[in-house]
Amino acid sequence: MANDISLFQQYVPLLDEVYKEASKTDVLDGNPDLIRMGANANELIIPKMTMDGLADYSRNGGYVGGDVTLTNETVVCNFDRGRMFTVDSMDDAETAGVAFGMLAGEFIRTKVAPELDAFRFATYASADGVTMHCNNLLGGEEVIAALRVATNTMDDAEVPMEDRILFITPAYYGLIQDMDGFSSREVLTRFSQVIPVPQSRFYTKITQNDGTTSGETTGGYTIAEDGQKINFMVVHKGAVIQFPKHISPKVVSPDMNPDADAWKFGYRQVSIAQVYENKTAGVYVHFHP
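Below is a short write-up of the structure. (Residues numbered from 1 in each chain as written. Predicted model: local features only at pLDDT ≥ 70, side-chain atom pairs only at ≥ 80, totals over all residues. Heavy atoms only, no water.)

Regarding unusual backbone geometry
The backbone phi angle of Glu-158 is positive, close to 60°, even though this residue is not glycine. Along the chain, the position of Glu-158 falls in the loop between helix H4 (140–156) and strand E6 (164–168). If you check the backbone angles, Asp-163 has positive phi at about 65° while not being a glycine. (Helix = DSSP H or I, 4+ residues; strand = E, 2+ residues; numbered from the N terminus.)

Right under this line is the structure:
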């Protein structure tokens, strides 16, 4: 696909940037020290512990023996996306270096971060066993009531309150903030963090364009045909497996490019987003009907 780069005088190093925010989900990234690489390039090995519960203590026999098992679970990365851009060296010179110099940052901020967020939210929302609730929320009081149901559900399931993160659309968060009195917003203290998420990244299912099929050449993602808008999602950090295994930004200068007098910028990320099978209670999804 040909680039469309308008030329302008070299003394105007300005760019009409797209308004986009950085990643909303990076707060869920796990500790990389707890994992190691798998045998295959797209695998990760994560430790998993199971143990017996309490048993009766005998004054004669003492303790009842118990078993604890530490196993290594192999999981397969489910996000592998990339792009390669080419910018002619003369185009770059005539646009004051903006064409290539700003490309990497703009691409990661406006394309990579939103899609990665959308993929993670959709993956967690569609995982088997997570709690799903669906209804319209018409005002701040209804949003507060829905959040209280979410916290009560997690409390009953004994999900730790520490690292319990609320992701919520700006519209619904605004309804809460507009309410009078602190007591009406006290439910927010039940979360370690509250992170507003643009609706454009907040769906139960998405479709990722492959970049080559007709109608999908621009790449990116859209809401799936059977996807729904998420109102809010509560995620306990310990409930999800979220690790970037391989992030590879690549820059090739015109001197090193054997095919053309042009700069090349490539980006690839291989990562995983998954809910632990025994911690599904740590994800609560409230979505729009």
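A word on the pairing of strand E10 (residues 230–236)
Of all 7 residues in E10, 7 are buried; the element is thus mostly enclosed. Direction of pairing for E6 relative to E10: antiparallel, over a ladder of 5 bridges. Bridging across to E10, Ile-168 finds its partner in Phe-232. Bridge count for E10 against strand E13 (residues 283–287) is 5 bridges, and the pairing is antiparallel. Residue Phe-232 lies in a different strand from E13, and its bridge partner there is His-286. (Buried < 20%, exposed > 50% of the residue type's maximum accessible area, 1.4 Å probe, protein only. Pairing = 2+ DSSP bridges.)

Thoughts on the side chain of Asn-209
On the secondary structure map, Asn-209 appears in the loop between strand E8 (206–208) and strand E9 (221–223). Judged by relative accessible area, which is 11%, Asn-209 ranks as buried. A distance of 2.9 Å separates a polar side-chain atom of Asn-209 from the backbone oxygen of Gly-219. The residues touching Asn-209, leaving out its near neighbours within four places in the chain, are Arg-81, Glu-216, Gly-219, Gly-220, Tyr-221 and Thr-222. (Polar contact = N/O pair within 3.5 Å; in protein donor to acceptor, adjacent residues only side chain to side chain. Contact = heavy atoms within 4.5 Å.)

Focus on a nonpolar patch on the surface
Together, Met-49, Met-51, Val-68 and Leu-70 make up a nonpolar patch on the protein surface, roughly 460 Å² of accessible area in all. Of all the elements in the fold, those that place two or more residues in the nonpolar patch are strand E2 (43–51) and strand E3 (68–76). Looking at the secondary structure, you find Leu-70 in strand E3. (Patch = residues over 30% accessible without salt bridge, like charges linked within 9 Å, V, L, I, M, F, W, Y side chains within 5 Å. Areas by Shrake-Rupley, 256 points an atom, 1.4 Å probe, with all protein chains shown as cover. Salt bridge = Lys/Arg side-chain N within 4 Å of Asp/Glu carboxyl O.)

Some details on the sheet that holds E10
The pairing of strands in a sheet happens through backbone hydrogen bonds and is either parallel or antiparallel. Across the sheet, which stays open at both edges, the 5 strands sit in the order E5-E13-E10-E6-E7 with mixed pairing between neighbours. At either end of the open sheet lies a strand with only one pairing partner, and these are strand E5 (131–134) and strand E7 (193–196). On average, each strand axis in the sheet is inclined to that of its neighbour by 15°, with strand direction left out of account. Relative to the sheet, helix H3 (residues 103–125) contacts E5, E6, E10 and E13, its axis offset from that of E10 by approximately 80°. Lying over the sheet, helix H5 (residues 170–177) contacts E6, E7 and E10, oriented at roughly 105° with respect to E6. (Axes fitted to C-alpha atoms, helices over the stretch in contact; angles between N-to-C directions.)

A few points about the nonpolar core
Core analysis: the largest hydrophobic core is formed by 29 residues, its most contacted members being Leu-28, Tyr-124, Phe-167, Met-233 and Val-283. Secondary-structure elements contributing two or more residues to this core are H3, E6, E10, strand E12 (262–275) and E13. Sequence-distant contacts of Tyr-124, that is, excluding residues within four places in its chain, are made with Leu-28, Val-130, Met-233, Val-240, Ile-241, Gln-242, Ala-273, Gln-274, Val-275 and Val-283. Listed in part, the 19 residues of the second largest apolar core include Ala-150, Leu-188, Phe-191 and Val-234. (Core = buried A, V, L, I, M, F, W, Y, C linked by side-chain atoms within 4.5 Å.)

Side note on the pattern of salt bridges
A full pass over the atoms with the stated rule returns 8 salt bridges. When the shortest N-O distance is used, the salt bridge between Asp-29 and Arg-120 registers 3.7 Å. Residue Asp-29 is located in the segment before strand E1 (36–37), and its partner Arg-120 is located in helix H3; the two are separated by 91 residues in the primary sequence. Of the charged contacts, one joins Lys-205 and Asp-226 as a salt bridge, the two residues approaching to 3.0 Å between their closest N and O atoms. With Lys-205 in the loop between E7 and E8 and Asp-226 in the loop between E9 and E10, this residue pair connects regions lying 21 residues apart in the sequence. With relative accessibility at 36%, the residue Lys-205 sits in the partly exposed group. Here the salt bridges share partners, and the residues they tie into one network are Asp-155, Arg-164 and Arg-190.

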